[in-house]
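# Close look at the chain arrangement
Listed below, chain by chain, are the residues.
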Amino acid sequence: MKFVVSSTDLLGHLQAVSRVISSKNSLPILDNFLFSLQDHSLEITASDLESTLITVMNLENATDTGSIAIPAKILIDTLKEFPELPLTFEINLSTLSVVISSENGKFTIVGQKGSDFPQIPVIKKEQKSELTLSPDLLLSGISKTIFATADDELRPVMNGILMEMTPEHVTFVASDAHKLVRYRRTDGKAETGSSFILPKKPAALLKNILSRQEEDVKVEFDERNAYFGLSQYRLICRLVEGNYPSYNSVIPTNNPNKLIVNRQQFYNTLKRVSVYSNQASNLVKLQLTGNQMTISAQDIDFSISAYERLQCQYEGDEMEIGFKSVFLIEILSNLSSEEVSLELSDPTRAGIIVPAQTEVEEEDVLMLLMPMMINN
Amino acid sequence: MIFLQENSEMEYGNRSVLHLDLDTFFVSVERLHNRSLEGKPVIIGGLSDRGVVAGCSYEARRFGVHSAMPMKMARLLCSEALFIRGDMERYTRHSEEVTHLIAERAPLYEKASIDEHYIDVSGMDRFFGCLRWSRELRETIIRKTGLPISFGLSVNKTVSKIATGEAKPNGIRNVPGERVQPFLDPLSIRKIPMIGEKTFRLLRSMGISTIAILRQMPPEMMEKVMGKNGTDIWKKANGIDNSPVVAFSERKSLSTERTFERDSIDIPAMERLLVRMVEKLAFEMRIRQRLTSCVTVKIRYANFDTHTLQKRIPYTSFDHILTDVTLALFRQLYRRRIRIRLVGVRFSHLVQGVQQLNMFDDRPEAAGLYLAMDRLRRRYGPDAVRRASGWK
């Protein structure tokens, strides 16, 4: 097996797929890239058993077919130090030696048998659902929701993003039970209703490779696995099994108290005031009266406190509600509209935060934040 | 210049620490309220046979009674003593009175227990003279509260505390730097605060009886015999103690336990008791704006075997979550099918904060209920409203 490849081109592909490799692998072979050459196409695979990412390179100068596993770290460390130049890979499949030759030198590595690399799961034909989504939709759906996913070993379903497909729209939902994001797009559709829960790691991998994608993405899934087909990459990942909690029932529908405020101002004020909140609880209080919101925080242990007033449009009763400042800041930084609307019912019920103006016609973003119980 | 001077003072350990200890505090308080108790042996503690002595007068001590002794034994030793149930609330009130007087005058004080205070009076000699100042403070306390109090004044907390022990009852003892070793040397090792019954016996078996002998032991040997404690004890015997007077220490946990009148096997009753305990502690946490992330349940069986089991949970101060965890731990822990003497529950790893509500687990009605119950309790007392599950 022999091929010639550009050093920087190869490094680019390897770095993208190497994000799959986890630092604590249960199988030593997973510290390798699987190189498979067939005709003039080189497939490079990395896997952590849960997620597998495959990239394809078309090479002009390649002979023979076959596959070999090459240690990932040593290969990347070598390639990082090369300027752009052609490298020749000569692989002896019987001795498993890999010789990389440049203009001035030779680098010899020992690989492992390609057949030892774990089998990549396939989507079962009989259970398969498929749809095509624009890369922009998929990228926004993941970027807007991933921050709200949980890290809860006891409730694995919350550690992923729920993707719901219906004939009307595609919805992405993420929640850690304190905050919830529902991102809906009417420009993505499926023929029938279906859903799956995408774990956080493959979602992050997908987010990374989607930024360079222009063509539509092919999505296939069955009960256990999902497949995302991009022009240069293929991602296959195990889905989170179980039922996502019924998120629609926790979104309050009757919120008589409505506030509209400049997002950037609100964000900056929170950033300043939250410095004075207790570091363990991060509690900030929002006091709403007339057309004014007072944001306050204090840390009794250090005798520090702060408040700041902010002009806003407010319709509703006078009220005081407490939120964890880090959550509120995260939510505001994941919205992009100039003004946001905060809809509340009472200090023990969730607040809804939505953009005050629609920016993209097809987009519907809703963020939900549970308050902290303040006792006056 | 002043800085330099202070630094060198610290280096030579030229501190002045005052240790104030109220003499037979509980008894003194009782005598304040009932003059006829004066001059008589008085014993305070739980009155049932299972209670222990919480405090006793010097007259009772002559009979061999001491605190933490089982009440049953105290009765045998000194049957003519006056036994009093004790009123913790009253003692706390008097203790706060003393603390208040100290807080008004002292630059830095530490309340070590209900009847003990440490005051860092370093540097005060330049203005008043530490001993004069301490005397005046003591006289003020006696005059204003009517409670006898003793003090020890020395270079650190340990020596001051030992000095107070020697000053009692109703006396004072000043041990300046150069007198520390001559003062400690002839005393029994028992006088060192860290040495309890077991350590005392261990050291005696090694032939160590006085502090003078103890401090001449090689510290390496002490460490070999007793680990890190050995080194600490050796340092104390040499009058070395760098621990500062700490003004305020945060409560690290909240706990409660109950010893039954009779060993019991009535599990449903114990579960109801645990529900009531959790309810009380959780209310206290909400009032103090604290959240816990660790629940510990304790069982002591009739044969004194004590078992505990703990569990880490996400931060909370809600009864319903804590009750479930506590009862689950209790059921897991109670395996022996023998009678139980004591049950207890502790919430630790406390942080300051208020409950972050959970959208899937906390119904808004539940949060509203807690707010309403806590309002009632604040207004009408902690027992104003309770969960039915804590009662038959």
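Everything here concerns the structure above.
Residues numbered from 1 in each chain as written. Chains lettered and ligands numbered in written order. Predicted model: local features only at pLDDT ≥ 70, side-chain atom pairs only at ≥ 80, totals over all residues.

### Digging into the overall build of chain A
- For chain A, the helix and strand inventory stands at six helices and 27 strands.
- The principal-axis extents of the C-alpha atoms in chain A amount to approximately 80 × 50 × 35 Å.
- Within chain A, the proportion of its 376 residues that are buried is 38%.
- Relative to all contacts within chain A whose residues are 6 or more apart in sequence, the contacts with residues 24 or more apart total 67%. (Helix = DSSP H or I, 4+ residues; strand = E, 2+ residues; numbered from the N terminus. Buried ≥ 20, exposed ≤ 12 C-beta atoms within 10 Å, placed from the backbone. Contact = placed C-beta atoms within 7 Å.)

### Describing the overall build of chain B
- Helices and strands together make up the secondary structure of chain B, namely 15 helices and 13 strands.
- By principal-axis analysis of the C-alpha atoms, chain B measures approximately 65 × 60 × 50 Å.
- Here chain B holds 392 residues, and the buried ones make up 34% of them.
- Long-range pairs, those at least 24 residues apart, make up 61% of the contacts in chain B with a sequence separation of at least 6.

### Some thoughts on the environment of Leu259 of chain A
Residues and elements named next belong to chain A.
- Considering the arrangement of structural elements, one finds Leu259 in strand β19 (residues 257-262).
- According to the C-beta neighbour criterion, Leu259 is buried, with 23 such atoms within 10 Å.
- With near-sequence residues (within four places) excluded, Leu259 lies in contact with Leu288, Met293, Cys312, Gln313, Tyr314, Ser341 and Leu342.

### Considering the pairing of strand β1 (residues 2-6) of chain A
Residue and element names in this part refer to chain A.
- Every second residue of β1 is oriented toward a common face, the buried set being Phe3 and Val5 and the non-buried set Lys2, Val4 and Ser6.
- The pairing of β1 with strand β5 (residues 62-63) spans two bridges and is antiparallel. Residue pairing across strands places Lys2 opposite Thr63, the latter belonging to β5.
- Both β1 and strand β7 (residues 86-92) contribute to a ladder of five bridges, which runs antiparallel. Note that in β7 the partner of Phe3 across the bridge is Phe89. (Pairing = 2+ DSSP bridges.)

### Brief notes about the pairing of strand β13 (residues 170-175) of chain A
Residue and element names in this part refer to chain A.
- Of all six residues in β13, six are buried, a share of seventy percent or more.
- The side-chain alternation of β13 yields two buried faces, one formed by Val170, Phe172 and Ala174 and the other by Thr171, Val173 and Ser175.
- The pairing of strand β12 (residues 160-165) with β13 spans four bridges and is classified as antiparallel. For Met163, the partnering residue across the bridge sits in β13 and is Phe172.
- Taken together, β12 and the strand that follows it, β13, pair antiparallel across an intervening segment of four residues.
- As defined by bridge partners, β13 adjoins strand β14 (residues 179-185) across six bridges and the pair is classed as antiparallel. Bridged to Phe172 within β14 is Tyr183.
- Here β13 folds back onto β14 in antiparallel fashion, the turn holding three residues, of which Ala177 has a positive phi close to 75°.

### Here we look at the nonpolar core
- With 126 residues, the main nonpolar core has Ile161 and Leu369 of chain A as its most contacted residues.
- Examining the composition of this core, we find that eight residues originate from one element, helix α13 (residues 267-287) of chain B, more than from any other.
- Sequence-distant contacts of Ile161 of chain A, defined by excluding residues within four places in its chain, comprise Ile142, Thr145, Ile146, Thr149, Phe172, Ala174, Leu198 and Ala203 of chain A.
- One finds Ala54, Cys56, Leu137 and Phe151 of chain B within the second-largest nonpolar core, a separate group that totals 56 residues. (Core = buried A, V, L, I, M, F, W, Y, C linked by C-beta atoms within 7 Å.)

### Description of the packing of helix α5 (residues 263-273) of chain A against helix α6 (residues 325-333) of chain A
Residues and elements named next belong to chain A.
- Following both chains from N to C, one finds α5 and α6 inclined at 150°, their axes separated by 10 Å at the closest point. In terms of orientation, α5 lies roughly antiparallel with respect to α6. Relative to α6, α5 is oriented so that their crossing is left-handed. When α5 is examined against α6, the residues Arg263, Phe266, Tyr267, Leu270 and Lys271 are found in contact with a partner set consisting of Ser325, Leu328, Ile329, Leu332 and Ser333.
- Of the residues that constitute the contact of α5 with α6, the class distribution is six nonpolar, two polar and two charged. (Axes fitted to C-alpha atoms, helices over the stretch in contact; angles between N-to-C directions. Parallel < 35°, antiparallel > 145°, perpendicular 65-115°, else oblique. Left-handed = near helix turned anticlockwise from the far one by under 90°. Nonpolar A, V, L, I, M, F, W, Y, C, P; charged D, E, K, R; others polar.)

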